[in-house]
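Geometric and topological summary
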Amino acid sequence: VTFVFRRIQMGRWEKAEEQHLWLPPGEIIADPMADFFPTQDGKLSVYLVEDSRPILDRVVAALAAIRQGLDKFEYGLMELEVLENMGFKTEVSPGDTPDMKVNEWHVNLIELSTRRILDLTHIFYERSVPNMLRRVYKPDVQELLLKSNEMFFDPNKVTQPNIRKFLGL
Amino acid sequence: MRNREESSIGASQISFGESWNSPAGTVGIGYDPTSRKPSWGVSYQDFRSRLEPDELIPYIQYPLDLQTDLSDVEDAGLHSIRRLSIVTDELLAVFQLGSNEEFEDGMENQFSREFLKIVEVYGIFAITTAVDLILSGEVKPFVAAEALQRIGDIEDDSSHDIRRKLLEKCLLQGESVYIRDGALIGLVSINDPATISTLKQAIQQESIPLLRKLIIEALPLFEAALESRK
């Protein structure tokens, strides 16, 4: 099964699980929508992956390497087929991380309108919360970075000073 | 003003934040969240606890006057009062700064830098005061969560146990899911097996399914730490 991998902020989805008496039935608080921005030209950056630990670890490490500092990493998974059945489309678009293989897994969700972002938020909430939302804590992120640096990274593509320092580059 | 001999009879000392019985009732020293000033002389329930192990104040054996002014208290040797006021003001200012920021994992932010500067200056005193402000609802929950994560990240063995206990308190007592989750993340950074019983309690009482799942998933990290210590 192929999944869409998208970086998220867990707190927004936790907030969506709280009871908000002012919300009309069937609606969720708007906070999680922020995880599907920014879009650019109606496109949203995601990765297509299998739900397998080595692959997910590799994507986490690659994306952690392009951040300013060491921190936890949170992401959500959604079956691609579900999105395709809802009419979502993808286009191939190489990613820009230090791991060339991970870059190949990068695609854009395209032709996104405000309504489609709303649909995306709802389908993630209905199908991915809580089990397909995941968190990798900082010590594990550090471990994954070290492993990927040893096995998969192009060191010239690691540009963030703090990450370079951590990796001894 | 009461004289020093009367006010500091005996060698007994109490930690800042403790209470004791006097003829006027229970007396304590703490922070009044309503006036945002240090307070004393009212019932202990109105106070927020302070932990400052290396800073003790003289035991006062007479009932404190509710109208006592700061100079009188300082005369009694309560130098911590002024220090508490300063650190509280600085923390409130930096929490306000944080409320105008957006936090993103792995990206630097001004709030964390300024918060850690205060911790560097005031040490555990700043941490206990920050947690106190957080639990009293003085801080925007998403800013509080960031602060709690940074508290967990601090590399300082001497404050390890106090930071752990404060974060455990936030995990169990935080009103906002942001606060409880921020505490969980901080606790994972500290990764002390002593937290296991608190995590089990938190699993039982957590009302948000996603956060409960995250606590359950964090538990093995602490159990692994326990194994590695055997």
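Values in this document were obtained by computation on a predicted structure and should not be read as measured data.

Focus on the environment of Gln68 of chain A
In this structure, Gln68 of chain A sits in the loop between α2 (53-64) and β3 (73-79). For Gln68 of chain A, a relative accessible area of 27% gives the class partly exposed. C-alpha of Gln68 of chain A to C-alpha of Pro161 of chain A: the two residues are 93 residues apart in sequence and 7.5 Å apart in space. Excluding its chain neighbours within four sequence positions, the residues that come into contact with Gln68 of chain A are Gln160 and Asn162 of chain A together with Gly106, Met107 and Glu108 of chain B. For Gln68 of chain A, the side chain forms a polar contact with the main-chain nitrogen of Glu108 of chain B, separated by 2.6 Å.

Describing empty space enclosed by the protein
As enumerated under the stated definition, the model contains three cavities of 30 Å³ or more in all. Space inside the largest cavity adds up to approximately 60 Å³. Lining the largest cavity are Asp71, Lys72, Tyr137, Lys138 and Pro139 of chain A together with Gln149, Arg150, Asp153, Ile185, Val188 and Ser189 of chain B. For the lining of the largest cavity, the secondary-structure elements that each account for two or more residues are α6 (138-151) of chain A together with α6 (141-153) and α8 (177-190) of chain B. In the lining of the largest cavity, the residues fall into four nonpolar, two polar and five charged.

Some thoughts on the layout of surface pockets
To find leftover empty space, a probe the size of one water molecule is rolled over the atoms. Roughly 760 Å³ of volume is contained in the largest pocket. Of all the secondary structure elements, the ones that give two or more residues to the lining of the largest pocket are β1 (2-7), β2 (44-50) and β5 (106-110) of chain A. Here the element with the most residues in the lining of the largest pocket is β2 of chain A; it accounts for four residues. When its residues are assigned to classes, the lining of the largest pocket shows 13 nonpolar, eight polar and ten charged. The computed volume of the second largest pocket comes to approximately 600 Å³. Lining of the second largest pocket is provided by 21 residues; of these, Gly69, Leu70, Lys138 and Asn162 of chain A together with Arg150 of chain B occupy positions nearest its centre. Counting residues per element, the ones that place at least two in the lining of the second largest pocket are α6 and α7 (161-167) of chain A together with α4 (110-122) and α6 of chain B. Per-class residue counts for the lining of the second largest pocket are five nonpolar, seven polar and nine charged.

Remarks on the interface of chain B and chain A
On the side of chain A, 26 residues touch chain B, which itself brings 23 residues to the contact. When residues of chain B are sorted by the area they lose upon contact with chain A, Asp105, Tyr178 and Leu210 of chain B head the list and together hold 27% of the total. Across the contact surface, chain B and chain A share four salt bridges. Taken together, the connections running from chain B to chain A amount to 15 residue pairs in polar contact (both at pLDDT 80 or more). For the side of chain B that touches chain A, the secondary structure elements donating two or more residues are α6, α8 and α10 (209-229) of chain B. Of the residues forming the side of chain B that touches chain A, the biggest block, seven residues, is contributed by α10 of chain B. Class assignment for the residues of the side of chain B that touches chain A results in 14 nonpolar, two polar and seven charged.

Things to note about the sheet that holds β1 of chain A
Residue and element names in this part refer to chain A. Taken in spatial order, the six strands of this open sheet run β4-β5-β2-β1-β3-β6, and their pairing is antiparallel. The open sheet has two edge strands, β4 (89-92) and β6 (133-136), and neither has a second partner. Between one strand and the next, the sheet's axes are offset by a mean angle of 40 degrees, whatever the strand orientation. The sheet contact formed by β1 and β2 spans four bridges and is antiparallel. Following the sheet pairing, Phe3 is matched in β2 by Val49.

Concerning the packing of aromatic side chains
The description of an aromatic ring pair uses the distance of the two centres, along with the angle that the planes make with each other. Applying the stated criterion across every chain, the model contains twelve aromatic pairs over all chains. Aromatic ring contacts, followed pair by pair, group Phe95, Phe103, Phe111, Phe115 and Phe142 of chain B into a single cluster. Over the aromatic face of Phe152 of chain A sits the side chain of Arg58 of chain A, whose NZ or CZ is 3.5 Å from the ring centroid.

A short note on the confidence of the model for chain B
Per-residue pLDDT for chain B has a mean of 73; in total, 63% of the residues score no lower than 70. Scored below 50 in pLDDT, residues 36-80 of chain B makes 137 contacts in the model with residues more than four places away or belonging to other chains.

Points about the pattern of salt bridges
Residues and elements named next belong to chain B. Inspection of the entire model under this criterion finds 24 salt bridges over all chains. A salt bridge links Arg150 to Glu146; the nearest nitrogen and oxygen atoms lie 2.5 Å apart. Of the two residues, Arg150 and Glu146 both sit in helix α6, four residues apart, roughly one turn of that helix. Classification of Arg150 as buried rests on a relative accessible area of 11%.

The rules we used
- Residue positions are given per chain, counted from 1 along the sequence in the order it is written.
- In the order they appear in the text, chains get letters beginning with A and ligands get numbers beginning with 1.
- Given that this is a predicted model, residues contribute local features only at a pLDDT of at least 70 and side-chain atom pairs are listed and counted only at 80 or more, while totals for whole chains, interfaces and linings are drawn from all residues.
- Each side-chain value is derived from all of the structure's non-hydrogen atoms; neither hydrogens nor water enter the calculation.
- The way it works is that DSSP assigns letters per residue, a run of H or I at least four long becomes a helix, a run of E at least two long becomes a strand, and they are numbered from the N terminus.
- Summary of the burial criterion: residues with accessible area below 20% of their type's maximum are buried, those above 50% are exposed, and those between are partly exposed, where the area comes from a 1.4 Å probe applied to protein chains only.
- Between two residues, a contact is recorded if the distance between any of their heavy atoms is within 4.5 Å.
- The definition of a polar contact used here is a pair of N or O atoms within 3.5 Å, where within protein one atom must be able to donate a hydrogen and the other to accept one, and adjacent residues in sequence count solely through side-chain atom pairs.
- Space inside and on the surface of the protein is sampled on a 1 Å grid over the protein atoms alone, with a cavity defined as a set of points where a 1.4 Å probe fits but cannot get out and a pocket as an open set with protein on both sides within 12 Å along at least 5 of 7 lines; lining residues have an atom within 4 Å of a point.
- Grid points are joined across faces, edges and corners, and a volume is the space filled by probe spheres set on the points.
- We call Asp, Glu, Lys and Arg charged. Ala, Val, Leu, Ile, Met, Phe, Trp, Tyr, Cys and Pro are nonpolar, and the rest, Gly among them, are polar.
- The term buried area denotes the loss of accessible surface (1.4 Å probe radius) that occurs when two parts are joined, taken as the sum for both partners.
- Every case where a carboxyl oxygen of Asp or Glu lies within 4 Å of a side-chain nitrogen of Lys or Arg is listed as a salt bridge.
- Here the rule is simple: two strands pair whenever DSSP picks up at least two bridges between them.
- Here, axes are lines fitted to C-alpha atoms. For helices the fit covers the stretch in contact, and angles between N-to-C directions go from 0 to 180 degrees.
- Between rings of Phe, Tyr and Trp, where Trp is taken as its six-membered ring, a pair exists when centres lie within 6.5 Å; planes separated by under 30 degrees are stacked, by over 60 edge-to-face, and by other angles tilted.
- Geometrically, a charge over a ring is one whose NZ (Lys) or CZ (Arg) sits within 6 Å of the ring centre while staying within 35 degrees of the ring normal.
- Confidence of the prediction at every residue is given by pLDDT, a number between 0 and 100.

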